[in-house]
Amino acid sequence: MLRYTNVVLTIEGFLAIAITLILNYILVTKLVSKAKQEKIYMDFFIKIIPLIITAITFCFIGWMNISSFGMVMFWGIFLIMVYNAIITNSLIKIQKGKEK
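Residues numbered from 1 in each chain as written. Predicted model: local features only at pLDDT ≥ 70, side-chain atom pairs only at ≥ 80, totals over all residues. Heavy atoms only, no water.

### With respect to the packing of helix α1 (residues 11–33) against helix α4 (residues 64–99)
Step number 1: Contact geometry of α1 with α4 gives a least axis separation of 8 Å together with a crossing angle of 25°. The angle between α1 and α4 places the two elements in the roughly parallel class. α1 and α4 meet at a crossing whose hand is right-handed.
Step number 2: In the contact of α1 with α4, the residues fall into 15 nonpolar, eight polar and one charged. (Axes fitted to C-alpha atoms, helices over the stretch in contact; angles between N-to-C directions. Helix = DSSP H or I, 4+ residues; strand = E, 2+ residues; numbered from the N terminus. Parallel < 35°, antiparallel > 145°, perpendicular 65-115°, else oblique. Left-handed = near helix turned anticlockwise from the far one by under 90°. Nonpolar A, V, L, I, M, F, W, Y, C, P; charged D, E, K, R; others polar.)

Written out as structure tokens, the structure reads:
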């Protein structure tokens, strides 16, 4: 995704990747442990709204290091939303179908 969006990677960008991985781990752990996935999605993304706003703001800062962090974080959060809504949610439904 980063390659196609023309994002410049810096050390701060790699930090954003690490933070995104941690956020994804937290979300997947909550999804697997709870029954109502829709409520978990809304609660999770409402809680990270300040992080999303910060990432978008950092995208427009002229300093390359901070801009890289913001762009990588924005696309990372976007991918977390799309991936977990489509793939993880489908896998959890399949697993629950097998358990019945």
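### Some points on the environment of Thr88
Step number 1: With respect to the element layout, Thr88 can be found in helix α4.
Step number 2: Given a relative accessible area of 9%, Thr88 falls into the buried group.
Step number 3: Distance in space between the C-alpha atoms of Thr88 and Val32 is 9.1 Å, their sequence separation being 56 residues.
Step number 4: Ignoring any residue separated from it by four or fewer positions in sequence, one finds Thr88 in contact with Val28, Leu31 and Tyr83. (Buried < 20%, exposed > 50% of the residue type's maximum accessible area, 1.4 Å probe, protein only. Contact = heavy atoms within 4.5 Å.)

### With respect to the nonpolar core
Step number 1: In this structure, Leu27, Leu31, Phe44, Phe45, Ile48 and Met73 are the most contacted members of the largest nonpolar core, which totals 17 residues.
Step number 2: Of all the elements in the fold, those that place two or more residues in this core are α1, α2 (37–47) and α4.
Step number 3: Excluding residues that lie within four positions of it along the chain, Phe44 makes contacts with Leu23, Ile26 and Leu27. (Core = buried A, V, L, I, M, F, W, Y, C linked by side-chain atoms within 4.5 Å.)

### Quick word on the packing of helix α3 (residues 49–59) against α4
Step number 1: For the pair α3 and α4, interaxial distance at closest approach is 7 Å and the crossing angle is 135°. With respect to their mutual orientation, α3 and α4 come out oblique. Considering the relative orientation of α3 and α4, their crossing is left-handed. Facing α3, whose interface residues are Leu51, Ile52, Ala55, Ile56, Phe58 and Cys59, α4 presents Ile66, Ser67, Phe69, Gly70, Met71, Met73, Phe74 and Ile77.
Step number 2: In terms of residue class, the contact of α3 with α4 is made up of 12 nonpolar, two polar and no charged.

### Points about the packing of aromatic side chains
Step number 1: Tallying each qualifying case throughout the model produces four aromatic pairs.
Step number 2: Relative to Trp75, the ring of Phe74 lies with its centre 5.1 Å away and its plane at 75°, an arrangement referred to as edge-to-face.
Step number 3: For Phe74, a relative accessible area of 30% puts it in the partly exposed group.
Step number 4: Since its relative accessible area comes to 24%, Trp75 is described here as partly exposed.
Step number 5: Taking the centre distance of 5.6 Å and the plane angle of 90° together, the rings of Trp75 and Phe78 count as edge-to-face. Remark: Phe78 and Trp75 occur in helix α4; sequence separation between them is three residues, near one turn of the helix.
Step number 6: Within the aromatic cluster, the residues linked to one another by ring pairs are Phe74, Trp75 and Phe78. (Phe/Tyr/Trp six-rings, centres within 6.5 Å; stacked < 30°, edge-to-face > 60°.)

In short, the description is geometric, and any link to function would need to be established separately.
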